[in-house]
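Understanding the architecture of this molecule
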There are 2 protein chains.
Amino acid sequence: MSRSPSRRGRRPAGEDTRGAIIAAARESFADKGYDATSMRGVARAAAVDARLVHHYFESKAQLFTATMAVPADPEAVLREVLAGPRDRIGEGLARAFFGLWDAPDRTPVLVSLIGAALTTEHAARMLREFLISEVFGRVIDTVSAQGDDPPHGRDLRAGIAAGQMVGVAILRYAVRHPPVVAATPDEIVAWVGPTLQRYLVDG
Amino acid sequence: MSRSPSRRGRRPAGEDTRGAIIAAARESFADKGYDATSMRGVARAAAVDARLVHHYFESKAQLFTATMAVPADPEAVLREVLAGPRDRIGEGLARAFFGLWDAPDRTPVLVSLIGAALTTEHAARMLREFLISEVFGRVIDTVSAQGDDPPHGRDLRAGIAAGQMVGVAILRYAVRHPPVVAATPDEIVAWVGPTLQRYLVDG
């Protein structure tokens, strides 16, 4: 339990610290998985005080979400897709996902999340809350707020859309089914984009 | 390592034995997962000689596949779907899957397979070989043998179709996203059926 803060200097608070915490957390989630990663361990790896980690992130789940974030603001990515042509929202979403997931530093974190979601209720809830509600649910809400019929079975549609993306992610990054690994993002988007379009937009 | 064959009588060889082995294997895969299940342990649980297990099943993978089989002949189920109206093949497939997976004795085995596929190459290969090649690949081959254009990216299409089904299975049986759990098979099939139809049949 003894730490050796003298070995590496503590970083001052600020944006740099937040980035260092996220980088350490990303490495820990990828190496050890979700359950075995602790806020304290991340603080140690980032050479910051544990209280600083709690200052930036309320919970391990929130810290995890931060490690998965696109380099840009994920809200901005979503807004951009939603601002594009209505008949290409599914395609735009699918493209954004592979742009995020194909990044070599994020793939192991994604695989770790999916594995954890199968075995721990905490990680499962995170997947439900983040991917399904924050991303797909919001797409449906935004699209229907633009003057459409109220969506039928919004949460079911969001869930099945998430199922398609999670399943393809498993085959591309975890099970590594060769044809799905070898495909370019464009080739996968050509199949999956219209599927998301039907689930989320056309209904 | 000592066994007590006297505690329960050994069963004679025959169909009943094969069924007893499958039942014991199903329980073991569900309780312990794929890796921790051994042919020897299954033999012990079924109260049969280990050589008999090897007589019926060449490998643990083959034994596993047998535990997942529909009560009827899976080939027959597939033949029936393929013999139906061409524009409802996707729907028929999706319906067959939920008929299989919703059975309470099979759900935990399915969840265990998916979990194992994320972490062990053996289980991953099993998923690829069985679900993708034997089921979805065969659908594409059969449909295209009926006089269609040769399929483009057959293995990619089969993989993405498998991704949709694996992903929905995760949300319904493992992550247990409430709207996907609460939906009837018909409601899910209404969304997923046309997706499989496009991936596998319409291309």
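Rules and cut-offs
- By convention here, each chain's residues receive numbers from 1 onward along its written sequence.
- As they are written, the chains are lettered A onward and the ligands numbered 1 onward, keeping that order.
- Predicted model: local features are reported for residues with pLDDT of at least 70 only, side-chain atom pairs are reported and counted for 80 or more only, and whole-chain, interface and lining totals are derived from all residues.
- Water and hydrogen atoms play no part in the side-chain values, which are based on all heavy atoms of the structure.
- Contacts are assigned to residue pairs with any non-hydrogen atoms lying within 4.5 Å of each other.
- Accessible surface is computed with a 1.4 Å probe, and the buried area is the amount of it that two parts give up when combined, taken over both parts together.
- Each salt bridge in this description consists of a side-chain nitrogen of Lys or Arg and a carboxyl oxygen of Asp or Glu lying within 4 Å of one another.
- Two N or O atoms count as a polar contact when they lie within 3.5 Å, although within protein this holds only if one can serve as hydrogen donor and the other as acceptor, and sequence-adjacent residues are included solely when both atoms are side-chain atoms.
- Only DSSP runs of H or I with at least four residues qualify as helices, and only runs of E with at least two residues qualify as strands; both kinds are numbered from the N terminus onward.
- The residue classification treats Ala, Val, Leu, Ile, Met, Phe, Trp, Tyr, Cys and Pro as nonpolar and Asp, Glu, Lys and Arg as charged. All others, Gly included, are polar.
- The span expected for a helix works out to 1.5 Å for each residue beyond the first.
- Burial here depends on accessible area, computed with a 1.4 Å probe over protein chains only, as a share of the maximum for the residue type. Under 20% is buried, over 50% is exposed, and the range in between is partly exposed.
- Think of the arc as the fan of directions from the helix axis to the C-beta atoms.
- Structural elements are reduced to axes, namely lines fitted to C-alpha atoms, with helices fitted over the stretch in contact, and the angle between N-to-C directions of any two is expressed from 0 to 180 degrees.
- The scheme is simple: roughly parallel for angles under 35 degrees, roughly antiparallel for over 145, roughly perpendicular for 65 to 115, oblique for anything else.
- Each helix crossing is assigned a hand: it is left-handed if the near helix lies turned anticlockwise from the far helix by less than a right angle, otherwise right-handed if that turn is clockwise.
- Least squares is the method used to superpose the copies, on C-alpha atoms of residues holding a pLDDT of at least 70 in both.

**Structural notes on the interface of chain A and chain B**
On the side of chain B, 40 residues touch chain A, which itself brings 40 residues to the contact. In this assembly, chain A packs against chain B so that about 3,200 Å² is buried in total across both faces, 75% of it on carbon and sulfur atoms. When the buried area of chain A at its contact with chain B is split by residue, L118, L156 and W191 of chain A rank highest and sum to 24% of it. For the interface between chain A and chain B, the tally reads zero salt bridges. The interface formed by chain A and chain B includes eight residue pairs in polar contact (both at pLDDT 80 or more). Of all the secondary-structure elements, those providing two or more residues to the side of chain A that touches chain B are helix 7 (107-119), helix 8 (121-145), helix 9 (154-174), helix 10 (178-182) and helix 11 (185-202) of chain A. It is helix 9 of chain A that provides the largest number of residues to the side of chain A that touches chain B, a total of 14 residues. Split by residue class, the side of chain A that touches chain B holds 25 nonpolar, nine polar and six charged.

**Things to note about helix 6 (residues 89-101) of chain B**
All names here are of chain B. Relative to the 18 Å expected for 13 residues at 1.5 Å per residue, helix 6 spans 18 Å between its end C-alpha atoms, a close match to the ideal helical length. Along helix 6, the positions that sit buried rather than exposed are I89, G90, L93, A94, F97, F98, L100 and W101. Looking straight down helix 6, one finds that the buried residues subtend no more than 165° of arc, so they occupy a single side.

**Section: the packing of helix 9 of chain A against helix 9 (residues 154-174) of chain B**
Axis angle and axis distance: for two packed helices, these are the angle between their axes and the distance between the axes, and together they describe the pair. Here helix 9 of chain A crosses helix 9 of chain B at 120°, and the two axes come no closer than 6 Å. Looking at the two axes, helix 9 of chain A sits oblique to helix 9 of chain B. In this structure, helix 9 of chain A crosses over helix 9 of chain B, and the sense of that crossing is right-handed. Every residue of helix 9 of chain B that contacts helix 9 of chain A at G159, I160, A162, G163, Q164, V166, G167, V168, I170 and L171 of chain A is listed here: G159, I160, A162, G163, Q164, V166, G167, V168, I170 and L171 of chain B.

**Considerations on unusual backbone geometry**
Phi at R176 of chain A is positive, roughly 55°, even though this residue is not glycine. Within the element layout of this structure, R176 of chain A appears in the loop between helix 9 and helix 10.

**Considerations on the relation of the copies chain A and chain B**
At an RMSD of 0.0 Å, chain A and chain B line up after a rotation of 180° and a shift of 0.0 Å along the axis. This pairing of chains is accounted for by a two-fold axis. Comparing interface residues between copies, 100% of those in chain A also sit at the interface in chain B, which points to an isologous, same-surface contact.

Purely geometric stuff here, so don't read any function into it on its own.
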